[in-house]
Amino acid sequence: MTTFSQDQTVPQAAPRRAGPDRRQLVRDFADGDRSQVDLLGGKGANLAEMTKLGLPVPPGFTVTTEACRDYLERGEEPQSLRVQVTMALRRLENQLGRRLGDVQDPLLVSVRSGARFSMPGMMDTILNVGLNDYSVKGLADAAQNERFAWDSYRRLIQMFGKTVLDIPGERFEEELEAAKARTGAQSDVELAAPALHELVEAFKGIVFDHTGREFPQDPREQLDLAMRAVFDSWNTDRARLYRRRERIRHDLGTAVNVCAMVFGNLGETSGTGVCFTRDPASGRLGVYGDYLVDAQGEDVVAGIRNTLSLEDFARLDPESHAELTRIMRRLETHYRDLCDIEFTVERGKLWMLQTRVGKRTAAAAFRIATQLVDERIITRDEALARVTGAQLAQLMFPQFDAEAERTLLTRGMAASPGAAVGRIVFDSATAVEWAARGEHVLLCRRETNPDDLEGMIVATGVLTSRGGKTSHAAVVARGMGRTCVCGAEEVDIDAAERTLRVRDTVLGEGDLLSIDGSTGEVFAGALPVVPSPVATYLEHGLDAALATADAETAELVRSVDALLRHADQARRLTVRANADTAEDATRARHLGAEGIGLCRTEHMFLGDRRVLIERLVLAESADARNAALAELLPLQRDDFTALFEAMDGLPTTVRLLDPPLHEFLPDRTELSVRVAVARATEAVDEADERLLAAVERLNESNPMLGLRGVRLGLVLPGLYAMQVRAVAEAAAARIRAGGRPVVEIMVPLVGSVMELHLIRDEIDGVLTAVAETTGVPLTIPIGTMIELPRAALTAGRIAETAEFFSFGTNDLTQTTWGFSRDDVEAAIFAAYLDKGVFTVSPFETLDGDGVGTLVRMAAEAGRATRPGLKLGICGEHGGDPESVHFFHEVGLDYVSCSPFRVPVARLEAGRAALVTAAVDGSL
């Protein structure tokens, strides 16, 4: 199985290889296929695959991820790389009959990144490599289009300057805007050849001003520097941030794809586009995409111009559109999935520049998976493998209330669904700052770029005035499940003035805005939200969800139902819920819980019952203590009776009191102040004086490792006996009433088998007494939580007394790492994530290498002592998708999590079973 590792390998300088380097670090597109994705990266492998299929792919070659890793480790390219690139370039030149950067009909190439896992917009691309002051004229002559040649040259200098030479992109944008202003052009396509020639000179001046040298005129130098820049882009801040979020390893490296240029900026018969074989936002059948006339590929994803639809493309160029449609169907059939495709049309000739399995929203993932099953393209097992618990959780998010009053400002493209409400911010830094202080923010931009990633992560939603469904904003938002509306043309965003204008309405930074990523609607103010149809289905059943659903929503709900039921059939793990009240238990059953894995009895002592705990603590004699316990007994019994009724027929694991008693007492500082004031005014309150003395007596430097759990039961006579009696009497009452309570008692924080022996003697005595008194035979297993490293290490001995184990991974993580969760999350986690100490909080996803090893050891040792020992987990890791796979692989019997995470755990438990079956060869 795959689980995340907290320990990141720190790259060390690799020793220089002895002897000749015979590794094949460069491969032609014609020599690979998609099975080589680890070596060629996703883009290179798929370019090779399309070449193998005979599709119109410009020829080129891929520099492997192995070369990148070597470069990142050593700080220099492998010696053999330059030679291998020369040989590949020569083959490409011979194939096309042109030379890189030649003064007559020059060969130009694109240099593009291509990692193992798709990272849209996070790494670098340079187009038109090979142009210089001489070859630009040859390109103009060969194309018989001077404007095209100078446009291509200014694009190269702009991309190269920003990407390779680290010149701020704003400098080029400012010069471009100035050129448009001088000539009265509304967009860059309206700039004529003379204006573009002047712009090239201005761009070259920017390069000289920032670097102290002229723009490189040697085509091979351009190529080498561009490839190195792509390697370096693997470790940019935005790339590392994206990988941390997506849990992609930092040591994989990226491939570099060098491809012969084909040109979409050759006039009205040329263009570039991005398309999907199905709608990646909704999952609707049909082809979807964006097209730009007289443009190069980066113009579409950058969102700098609003795009045409594929229907518009069909009217402009029916032959190319028909060929594209045939290729889209062929690729979807070949990959058996939604495909994301980049293409260029050069003077009526269609070229395929990239394909990959497309990123999609959660709703699209479920709908497409079941559509492909219905079309007999994939199996139901494959469909289940293509959706995730994280996507299901997204579908449970609320939506805008359709009945609420609203002020519609405008509509854009529905790029990524959801209902997002927040305060307007106009840049990534402000979004991060405001979100850190607890504000919900909406990031509003003309168009986003990769540098906006941090802001997109913290924002509730993203709104752009430019770009289409394949723009950077749309692709990244869909990938991270963030609500997004893009291409809202009526929205005029002035980031400098911090205003957003829609016709006569002007909103400023901090004003509230609501966006609907499912419809593309933008509303003024904050709209109320209601439960999503999927949440309604999960809580109230299929009929309730379908009662008010439109056709598209009904298809989504049925898709979720079909795949969740298949997961239930496939999974081995039982899924329970953490619930402390009858209401929570009832909700958990509706959500599919098959029992309660953790009933925290301390929650039953909150509110008005705190005074009873105070009396217990203040008791100065055994009689006073017993009186306080006697008063608590019926209240606890009633709690358990209601709980057992709600979970009738399903297991309910009751954890005896765990936290230290001071948590139920008044705050020490506040009480000390109150007593001090009373003493100063000679208005002494004897009750407060006694209470303060008790609080002082119970005060601990580190209460989470102090008097709590089983220690509390051993030190405070009668406390656990009272709780066990309440459990037993409630179970007996349910049995007499015809119920079928399935009760388990769990002892917390055991570190020694002797602790469990001692407390079990007391528990067994109470159970026997209740059975004799009520005349009802009681079979109540006694188990323990494994939440201390010592318990895990001595699990074989503890299993002699415990009839089941439940891993308390929250505390086990704290005690294994030596973390105080309340302190370290704020103090060090941001730095640890940034420095790569771990890729995700160990309280969010189980640390498989450390805590996971203890879980595995304890499970094996416990079952060696007591074969068939029931094993579960009741920390919040039980609802974390990645952790569920680990618990399945280790052999636990059940996971338990909060009620609302039960459906997620059910789905992931089914997916985990399929992974195991595939590995075992039984699938």
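Computed from a predicted model, the values in this text were never measured in an experiment.

Calculation criteria
Residues numbered from 1 in each chain as written. Predicted model: local features only at pLDDT ≥ 70, side-chain atom pairs only at ≥ 80, totals over all residues. Heavy atoms only, no water. Patch = residues over 30% accessible without salt bridge, like charges linked within 9 Å, V, L, I, M, F, W, Y side chains within 5 Å. Areas by Shrake-Rupley, 256 points an atom, 1.4 Å probe, with all protein chains shown as cover. Salt bridge = Lys/Arg side-chain N within 4 Å of Asp/Glu carboxyl O. Helix = DSSP H or I, 4+ residues; strand = E, 2+ residues; numbered from the N terminus. Buried < 20%, exposed > 50% of the residue type's maximum accessible area, 1.4 Å probe, protein only. Expected span 1.5 Å × (residues − 1). Pairing = 2+ DSSP bridges. Axes fitted to C-alpha atoms, helices over the stretch in contact; angles between N-to-C directions. Contact = heavy atoms within 4.5 Å. Phe/Tyr/Trp six-rings, centres within 6.5 Å; stacked < 30°, edge-to-face > 60°. Lys NZ or Arg CZ within 6 Å of the ring centre and 35° of its normal. Right-handed = clockwise from strand over helix to strand, strands pointing away. Disulfide = S-S within 2.5 Å. pLDDT = per-residue confidence, 0-100.

(A) Quick peek at a nonpolar patch on the surface. On the surface, a cluster of nonpolar side chains totalling about 370 Å² of accessible area is made up of Leu714, Val715, Met754 and Leu758. Elements represented by at least two residues in the nonpolar patch include exactly helix H27 (710-715) and helix H29 (753-774). Structurally, Met754 can be placed in helix H29. Looking at Met754, the relative accessible area reads 47%, which means it is partly exposed.

(B) Examining the pattern of salt bridges more closely. Taken as a whole and assessed by the stated rule, the structure comprises 62 salt bridges. Residues Glu66 and Arg23 are paired through a salt bridge, measuring 3.4 Å at the closest nitrogen-oxygen approach. Taken together, the positions of Glu66 in helix H2 (residues 65-74) and Arg23 in the segment before strand E1 (26-28) put the pair 43 residues apart, joining distant regions of the chain. Judged by relative accessible area, which is 24%, Glu66 ranks as partly exposed.

(C) Main features of helix H1 (residues 37-52). With 16 residues, H1 ought to run about 22 Å at 1.5 Å a step, yet its terminal C-alpha atoms sit only 15 Å apart, falling short of that. Most of H1 sits inside the fold, with 13 of its 16 residues counted as buried.

(D) Structural context of unusual backbone geometry. The phi dihedral of Gln144 is positive, around 55 degrees, even though this residue is not glycine. With respect to the helices and strands, Gln144 occurs in the loop between helix H4 (135-143) and helix H5 (146-163). For Gln144, a relative accessible area of 76% corresponds to the exposed category. Of note, the phi angle at Arg498 is positive, near 60 degrees, even though the residue is not glycine. By the secondary structure assignment, Arg498 is in the loop between strand E18 (491-494) and strand E19 (499-502). For Arg498, a relative accessible area of 24% puts it in the partly exposed group.

(E) How the structure looks around the side chain of Ser806. Tracing the backbone through its elements, the reader meets Ser806 in strand E29 (residues 804-807). Using a relative accessible area of 0% as the deciding quantity, one classes Ser806 as buried.

(F) Looking closely at the sheet that holds E19. With antiparallel pairing, the three strands of this open sheet are ordered in space as E18-E19-E20. Looking at strand neighbours, the two that pair on one side only are E18 and strand E20 (505-508), the edges of this open sheet. In this sheet, neighbouring strand axes are inclined to one another by 20 degrees on average, regardless of whether the strands run parallel or antiparallel. Across four bridges, E19 lies against E20 in antiparallel orientation. Within the sheet, the bridge partner assigned to Thr499 lies in E20 and is Gly508.

(G) Quick look at the environment of Leu788. Within the secondary structure layout, Leu788 lies in the loop between strand E28 (782-786) and helix H30 (789-793). C-alpha of Leu788 to C-alpha of Gln814: the two residues are 26 residues apart in sequence and 8.9 Å apart in space. Setting aside chain neighbours within four positions, we find Leu788 in contact with Arg711, Leu749, Val750, Gly751, Leu812 and Thr815.

(H) Inspection of the sheet that holds strand E15 (residues 441-445) at higher detail. Read across the sheet, eight strands follow the order E12-E22-E21-E14-E15-E16-E17-E13 without closing on themselves; strand pairing throughout is mixed. Here the strands that pair on one side only, and so sit at the sheet edges, are strand E12 (407-411) and strand E13 (413-416). Each adjacent strand pair in this sheet contributes to an overall mean axis angle of 30 degrees, direction not counted. Looking at chain direction, E13 and strand E17 (residues 483-486) are connected through three bridges and run antiparallel. Pairing of Met413 across the sheet is with Cys486, part of E17.

(I) The arrangement of the packing of aromatic side chains in detail. All told, the structure shown has 15 aromatic pairs when counted by the stated rule. Centroid distance Phe172 to Phe203: 5.0 Å. Interplanar angle 80 degrees. Geometry classified as edge-to-face. In this pair, Phe172 sits in helix H6 (residues 169-183) while Phe203 sits in helix H7 (residues 193-211), placing the two residues 31 residues apart along the sequence. With relative accessibility at 0%, the residue Phe172 sits in the buried group. Ring centres of Trp817 and Phe838 lie 5.7 Å apart, and the angle between their planes is 85 degrees; this geometry places the pair in the edge-to-face category. Note that Trp817 is positioned in helix H32 (residues 809-817) and Phe838 in the loop between helix H34 (829-835) and helix H35 (851-865), a separation of 21 residues in sequence. Using a relative accessible area of 24% as the deciding quantity, one classes Trp817 as partly exposed. Ring pairs connect the aromatic residues Trp150, Tyr153, Phe160 and Phe215, which therefore count as one cluster. When the ring centre of Trp351 is taken as reference, the NZ or CZ atom of Lys349 above it lies at 5.1 Å. Directly above the aromatic system of Phe523 lies the positively charged group of Arg406, at a separation of 5.0 Å from the ring centroid.

(J) Structural context of the pairing of E28. Within E28, five of the five residues are buried, which leaves it mostly tucked inside the rest of the structure. Viewed along the sheet, the connection from strand E27 (residues 742-747) through H29 into E28 turns out right-handed. Where E28 and E29 come together, three bridges link them in parallel fashion. The residue of E29 that forms the bridge with Ile786 is Phe807.

(K) Structural context of helix H21 (residues 551-570). With 20 residues, H21 ought to run about 28 Å at 1.5 Å a step, and its terminal C-alpha atoms sit 29 Å apart, in line with that. For H21, every residue scored as buried is listed here: Ala554, Leu556, Val557, Ser559, Val560, Asp561, Ala562, Leu563, Leu564, His566 and Ala567.

(L) Inspection of the pairing of strand E14 (residues 419-425) at higher detail. Taken together, the five bridges between E14 and strand E21 (residues 512-516) define a ladder with antiparallel strand orientation. Counterpart to Arg423 in the pairing with E21 is Leu512. With three bridges joining them, E14 and E15 adopt parallel strand pairing. Across the sheet, Ile424 pairs through a bridge with Leu442, a residue of E15.

(M) Spatial organisation of the environment of Val675. Among the structural elements, Val675 can be located in helix H25 (residues 668-680). By relative accessible area, Val675 is classed as buried at 2%. Expressed as a C-alpha distance, the spacing of Val675 and Ala687, which sit twelve residues apart in the sequence, is 10.0 Å. Excluding residues within four positions of it along the chain, Val675 makes contact with Asp688, Glu689 and Leu692.

(N) Region of interest: the state of the cysteines. Enumeration according to the criterion identifies zero disulfides in this entry. Here Cys68 is not disulfide-linked; the sulfur of Cys259 is the nearest cysteine sulfur, at 19 Å. Owing to a relative accessible area of 0%, Cys68 belongs among the buried residues under this scheme. Cys599 takes part in no disulfide bond, and the closest cysteine sulfur to it belongs to Cys874, at a distance of 11 Å.

(O) Representation of the environment of Arg906. Position of Arg906 relative to the elements: it lies in helix H37 (residues 902-920). Residue Arg906 is classed as buried on the basis of its relative accessible area, which comes to 9%. C-alpha separation for the pair Arg906 and Gly358, spaced 548 residues apart in sequence, amounts to 26 Å. When residues no more than four places from it in sequence are discounted, the contact partners of Arg906 are Leu564, Ala567, Asp568, Arg571, Val575, Leu591 and Gly592.

(P) Quick look at the confidence of the model for the chain. The predicted model of the chain averages 89 in pLDDT, with 94% of residues at 70 or higher. Low pLDDT, under 50, characterises residues 1-14; the stretch is placed with 37 contacts to residues that sit more than four places away or in other chains.

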